[in-house]
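# A look at the structure
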Amino acid sequence: MKEINKELAQQIVDFGQKMFRAGLVTGTGGNISLRIPGENAFLISPSGMPYEEITADDIVMLDMEGNQIGGKRRPSVEKNMHRMILKARPEFNAVIHTHSTYATAYASLRKPLPVFLDIMACVFGGPVKCAEYARIGSEELAVNAEKAMRGTNVAFLANHGCIGAGRNLEEAYGNVELLEICCKSYFAACCAGVPVLLEEEDIRLTREEVARKYGQKGED
Ligand SMILES: [Zn+2]
């Protein structure tokens, strides 16, 4: 078994506590993974352990074929979902899966969330798709989740929850947190009336402009 980088493992511990305290998961639900720079491997949270109890020593290391190469615990049952996304999407280094209330409620509808807020065009680049239903921990769920994430950074998991990825854990966390807020707003909007959706052209232009101008880098 390989030695696990404590600093990277601690990041998973910290984000696990953060998402637990924020109410994005309860009990031992959800899971987190982080690619190990320069190695064909990643770290993942352990299976069925309360977030308040997990320490860096409980984090598990897997290679890209799914073999456990570090850590003494059993990895999250959703290890294949994380592995497939990290394998297919080299631009992402972190993946977070949660059961947050509104996103999970929406996931039971098994339909995409349309772009009804411009922040969705900025951050997700378009509508959020729902991965086809497959049972918890199955290889099929991993395949379906990776497919639903194509072209974007978040997806719903039918009748289960949601998943998000990012260049680092901050970004992956921000994406699943934003998806929860968008779902909450969508339910509120639907209660108040019929939300007007953004035009395709505006979604495309917003996405392009954000890629060019947003943040502290790039042109003014
Ligand atoms: Zn789950």
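Scroll up for the structure.
Residues numbered from 1 in each chain as written. Predicted model: local features only at pLDDT ≥ 70, side-chain atom pairs only at ≥ 80, totals over all residues.

Let's shift gears to the overall build of the protein. Across its full length, the protein holds 7 helices and 8 strands. Relative to the compact-globule value of 17 Å for 220 residues, the protein shows a C-alpha radius of gyration of 17 Å, a close match. Principal axes of the C-alpha set define a box for the protein whose edges measure 55 × 40 × 30 Å. Looking at the protein as a whole, 42% of its 220 residues qualify as buried. Taking all contacts inside the protein whose residues are at least 6 apart in sequence as the whole, residues at least 24 apart take part in 61%. (Helix = DSSP H or I, 4+ residues; strand = E, 2+ residues; numbered from the N terminus. Rg over C-alpha atoms; globule rule 2.2 N^0.38 Å. Buried ≥ 20, exposed ≤ 12 C-beta atoms within 10 Å, placed from the backbone. Contact = placed C-beta atoms within 7 Å.)

Looking now at the environment of arginine 167. Structurally, arginine 167 is set in the loop between β8 (161–166) and α6 (169–192). Accessibility expressed as a C-beta count within 10 Å gives 13 for arginine 167, which makes it partly exposed. Remark: the alpha-carbon pair of arginine 167 and alanine 94, spanning 73 residues in sequence, is separated by 6.2 Å. Apart from residues no more than four positions distant in its own chain, arginine 167 is found in contact with Glu91, Phe92 and Asn93.

What follows covers the environment of arginine 204. Summarising the element assignment, arginine 204 is placed in helix α7 (residues 200–213). Sequence separation between arginine 204 and leucine 117 is 87 residues, and the spatial gap between their C-alpha atoms is 13 Å.

Glancing now at the pairing of strand β7 (residues 154–157). If a strand is regular, its side chains alternate between the two faces of the sheet. Burial along β7 is two-sided: the residues Val154 and Phe156 and Ala155 and Leu157 are all buried. Note: strand β6 (residues 130–131) against β7, 2 bridges, orientation parallel. Considered in β7, the bridge of alanine 131 is made with leucine 157. In terms of strand pairing, β7 meets β8 through 4 bridges, oriented antiparallel. When the sheet's bridge partners are listed, phenylalanine 156 is paired in β8 with cysteine 162. (Pairing = 2+ DSSP bridges.)

For the rest of this paragraph, the subject is the sheet that holds strand β4 (residues 68–70). One open sheet accounts for 8 strands, arranged β4-β3-β2-β1-β5-β8-β7-β6; its pairing is mixed. Strand pairing shows two members of the sheet lacking a second neighbour, β4 and β6, which therefore form its edges. Relative to strand β2 (residues 41–44), strand β1 (residues 31–35) runs antiparallel, the two sharing 3 bridges. Following the sheet pairing, arginine 35 is matched in β2 by phenylalanine 42. Along the sheet face, helix α1 (residues 6–21) touches β1, β2 and β5 (94–98) and points at about 150° away from the line of β1. (Axes fitted to C-alpha atoms, helices over the stretch in contact; angles between N-to-C directions.)

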